[in-house]
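Residue-level structure breakdown
Take a look at the letters that make up each chain.
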Amino acid sequence: MTQLLVTTTENIPGRPYEVIGEVFGLTTQSKNLVRNIGAGLKGLVGGEIKDYTKMLEESRDVAVNRLRDNASAMGADAVVMMRFDTGSISQDMQSVAAYGTAVRFITEDLTTDNA
């Protein structure tokens, strides 16, 4: 099965479409206590907190996959104008939303009736 196209642009070159509606994918994730302690120590000395970076990457992937599932359930061929939004729910929980517009490609009938 071909993976549903997701793009941050408004147009898909050479592919006219009709809008179906808004779609989204959400996730909220947290790290365990041991990793939070490690992140706290890293915060004291500075630098990238790799566990949190990995958590955000995983959250982004989950949100986009849920967005694709949502669009597919609506009969979409693609999602245009996809964006992310993130927010902290608590000190150790992060929420990620992927949202966009589900579209269906318009197939142009190239046959003509010369009768």
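Note that this is a predicted model, so its numbers are computed, not measured. (Residues numbered from 1 in each chain as written. Predicted model: local features only at pLDDT ≥ 70, side-chain atom pairs only at ≥ 80, totals over all residues. Heavy atoms only, no water.)

1. Brief notes about the nonpolar core
Defined as follows: The nonpolar core is taken to be a set of buried Ala, Val, Leu, Ile, Met, Phe, Trp, Tyr and Cys residues, with the residues joined through side-chain atoms within 4.5 Å. Relative accessible area decides the class of each residue, using a 1.4 Å probe on protein chains only: under 20% of the type maximum gives buried, over 50% gives exposed, and in between gives partly exposed. For helices the rule is a DSSP run of H or I covering at least 4 residues; for strands it is a run of E covering at least 2, with both sets numbered from the N terminus onward. Every residue pair with non-hydrogen atoms within 4.5 Å of one another is taken to be in contact.
Counting residues in each nonpolar core, the largest one holds twelve residues, listed as Leu4, Val23, Ala63, Val64, Leu67, Ala71, Ala76, Val79, Met82, Val96, Ala98 and Ala102. Elements that contribute at least two residues to this core include exactly helix H2 (50-73), strand S3 (78-90) and strand S4 (93-105). Setting aside residues up to four positions removed in sequence, Ala63 forms contacts with Gly25, Thr27, Val96 and Ala98. Core analysis: the next-biggest nonpolar cluster, separate from the first, contains five residues, Ile12, Val80, Val103 and Phe105 among them.

2. Observations concerning a nonpolar patch on the surface
Here is the rule: Only residues whose relative accessible area exceeds 30% and that form no salt bridge are eligible for patches; like-charged ones are grouped when within 9 Å, while nonpolar side chains (Val, Leu, Ile, Met, Phe, Trp, Tyr) are grouped when within 5 Å. Surface exposure here means Shrake-Rupley accessible area, sampled with a 1.4 Å probe, where a residue is shielded only by the protein chains that are shown. Throughout this description, the term salt bridge denotes a Lys or Arg side-chain nitrogen within 4 Å of a carboxyl oxygen of Asp or Glu.
Taken together, the side chains of Phe24, Leu26 and Tyr99 present a nonpolar region at the surface, about 290 Å² in accessible area. Checked against the element boundaries, Phe24 lands in strand S2 (residues 17-30). Of the residues examined, Phe24 reaches a relative accessible area of 43% and is grouped as partly exposed.

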